Amino acid sequence: PSYPTRPNPLRCHLNSTMSEELDNASLPHKRTYEKVSLNESVEDEDGKKYDNIANKYLDEIIGMGEDDVIPPIVSGNASGQQNSTAIRCKEFMKSHKVIILGTSSLLVISFILGILAIFNHKSTHPAEETSVDPPPLADVPIAIRRNSSMITPTVKIAEGVLMPIVNLGGAGGRPGNYTKFLEIGGRGLDTALMYGDPTQRRVGVAVRQAKASRQDIFVTTKIPCCPSYQGWMCGKKARNSTADLERDMDLLGLDYVDLMLMHSPCKTAEQTMNVYRTMEKFLADGKARAIGVSNFQASHLKDLLPVAKVPPAVNQCSMSIGNHDDITIQFCKKMNITYQAYSPFHSPVDIFHDPDIVSIAAKYKVSAAQIVLRWIVQNDAIFVTAGMNQRYLEQDLAIFDFNLNEMEMKLLHGKQST
């Protein structure tokens with residue numbers, strides 16, 4: 001469905017040549033973030049000089065409430081770029097009132113000096129920046145994570161590893177539109193050896209040809225554990241997991257992946273641990289930044305954790321309204337394992353026509369699909385979707401400017417098939 005026109009009161013008034021106002025943006029996911037050089041001296045309209053300040057003035061600030069301040073958190077590779085680039089924007093949240101600051105020289109100078117002090121602290125203390133834990137996922141609309149090339153919500157899955165909340169996948173004959181997803185601001189791609197060679201190669205090509213740098217793109221892939229607990233995946237025969245890892249990397253054509261998952265448990269706990277040990281070596285060799293599992297129930301994790309040297313960072317499982325393993329979800333929270341939902345729209349509930357979901361979507365002026373994804377995020381999970389249509393990909397990324405209330409969350413959590 002198309003979005004109705006709704007006001008977007010986001011304004012970055014940075015100087016006379018760098019201002020843009022979006023008063024009638026047609027899509028709620030639109031954002032504008034200005035970058036300002038801090039290494040130039042400039043003059044204001046009266047000829048007054050400012051050393052090393054690109055901001056001649058900042059006469060309006062939108063929604064400067066205590067809850068709206070973007071925390072000084074950057075992704076691991078971003079801190080080195082803070083000297084040359086600063087993001088100076090604030091997003092109007094819900095019904096906050098606009099605060100207009102006067103243009104008196106005292107206020108302007110005080111504000112600018114404060115900003116310079118913050119960025120000088122960042123440049124001299126980069127380690128402090130990267131060591132800060134991310135906020136709870138439900139708080140992401142207020143606490144947006146900073147990335148060197150974009151503003152994207154992420155969650156910490158391992159020491160020094162931030163994973164996007166929104167990821168795009170696709171399997172076999174139904175690959176995702178990976179190139180377009182990266183073009184419109186997505187940064188997380190999901191694939192697997194069992195998805196087939198063409199899909200693997202397509203993901204690798206999208207990463208290599210992207211305008212975004214490799215360190216700004218997060219790639220998840222998976223190898224099978226055979227004979228599989230889920231018989232459909234690889235039958236009854238064992239596989240060489242070292243060869244699978246090498247084949248996976250060859251198809252992707254990448255030097256490393258950000259997350260390597262075991263696609264499912266093996267038939268026995270011993271077989272599962274053997275494959276996981278191979279993945280731990282893969283991690284130690286620097287071929288992956290983190291490792292994890294997929295389709296693991298709480299019982300499988302209880303078998304794995306006592307013998308694993310490196311605990312899994314992520315457990316990727318099927319999750320949607322009407323289809324969620326609450327026991328495993330709660331166990332993952334307890335063990336600090338990030339829970340990732342796949343097939344978020346595969347549900348016994350007719351999520352696109354359910355009256356409650358449709359009504360909630362109308363309230364927030366979003367699609368039913370966005371309500372489902374927002375429900376997942378507010379359950380402290382991240383997700384992977386699949387799709388080729390750019391409009392749907394944009395919707396997947398545009399779920400961070402509204403929050404479901406407690407009553408709505410409980411209603412959706414209790415949904416069953418009808």
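Right above here is the structure, for reference.
Criteria and cut-off values
Residues numbered from 1 in each chain as written. Predicted model: local features only at pLDDT ≥ 70, side-chain atom pairs only at ≥ 80, totals over all residues. Heavy atoms only, no water. Helix = DSSP H or I, 4+ residues; strand = E, 2+ residues; numbered from the N terminus. Contact = heavy atoms within 4.5 Å. Areas by Shrake-Rupley, 256 points an atom, 1.4 Å probe, with all protein chains shown as cover. Buried < 20%, exposed > 50% of the residue type's maximum accessible area, 1.4 Å probe, protein only. Salt bridge = Lys/Arg side-chain N within 4 Å of Asp/Glu carboxyl O. Disulfide = S-S within 2.5 Å.

1. What to know about the overall build of the protein chain
Here is step 1 of the chain: The helix and strand tally for the protein chain stands at 12 helices and 18 strands.
Here is step 2 of the chain: Restricting to contacts in the protein chain with at least 6 residues of sequence separation, those with at least 24 account for 67%.
Here is step 3 of the chain: Surface exposure of the protein chain reaches about 19,600 Å², of which carbon and sulfur atoms provide 52%.

2. Section: the side chain of Ser294
Here is step 1 of the chain: Its place among the elements puts Ser294 in strand β15 (residues 291–294).
Here is step 2 of the chain: Judged by relative accessible area, which is 1%, Ser294 ranks as buried.
Here is step 3 of the chain: Ignoring sequence-local partners within four residues, the contact set of Ser294 consists of Leu261, Met262, His263, Ser264, Pro265, Asn315, Gln316 and Tyr342.

3. Overview of the pattern of salt bridges
Here is step 1 of the chain: Within the structure shown, the criterion is met by 13 salt bridges.
Here is step 2 of the chain: A salt bridge links Glu183 to Lys180, with the shortest nitrogen-to-oxygen separation between them at 2.9 Å. Placement of both Glu183 and Lys180 in helix α3 (residues 178–183) is noted, with a separation of 3 residues, approximately one turn of the helix.
Here is step 3 of the chain: The residue Glu406 makes a salt bridge to Lys410 at a minimum N-O spacing of 3.4 Å. Of the two residues, Glu406 and Lys410 are both situated in helix α12 (residues 406–413); the distance of 4 residues between them amounts to about one turn of the helix. When sorted by exposure, Glu406 lands in the same class as Lys410, which is exposed.
Here is step 4 of the chain: Three or more residues are tied together by salt bridges with common partners; here these are Arg214, Asp258 and Arg289.

4. Here's the deal with the state of the cysteines
Here is step 1 of the chain: A complete count under the given rule lists 1 disulfide for this structure.
Here is step 2 of the chain: Disulfide pairing places Cys225 opposite Cys266 at an S-S distance of 1.9 Å. Because the sign of the S-S torsion sets the handedness, a value of about -110° for the bond joining Cys225 and Cys266 places this disulfide among the left-handed ones. Taken as a pair, Cys225 in the loop between β13 (218–223) and α5 (241–252) and Cys266 in the loop between β14 (259–262) and α6 (269–284) lie far apart in primary sequence, 41 residues in all.
Here is step 3 of the chain: Exposure remark for Cys266: the relative accessible area of 2% places this residue in the buried category.

So far we have only geometry, and geometry alone does not tell us how the molecule works.
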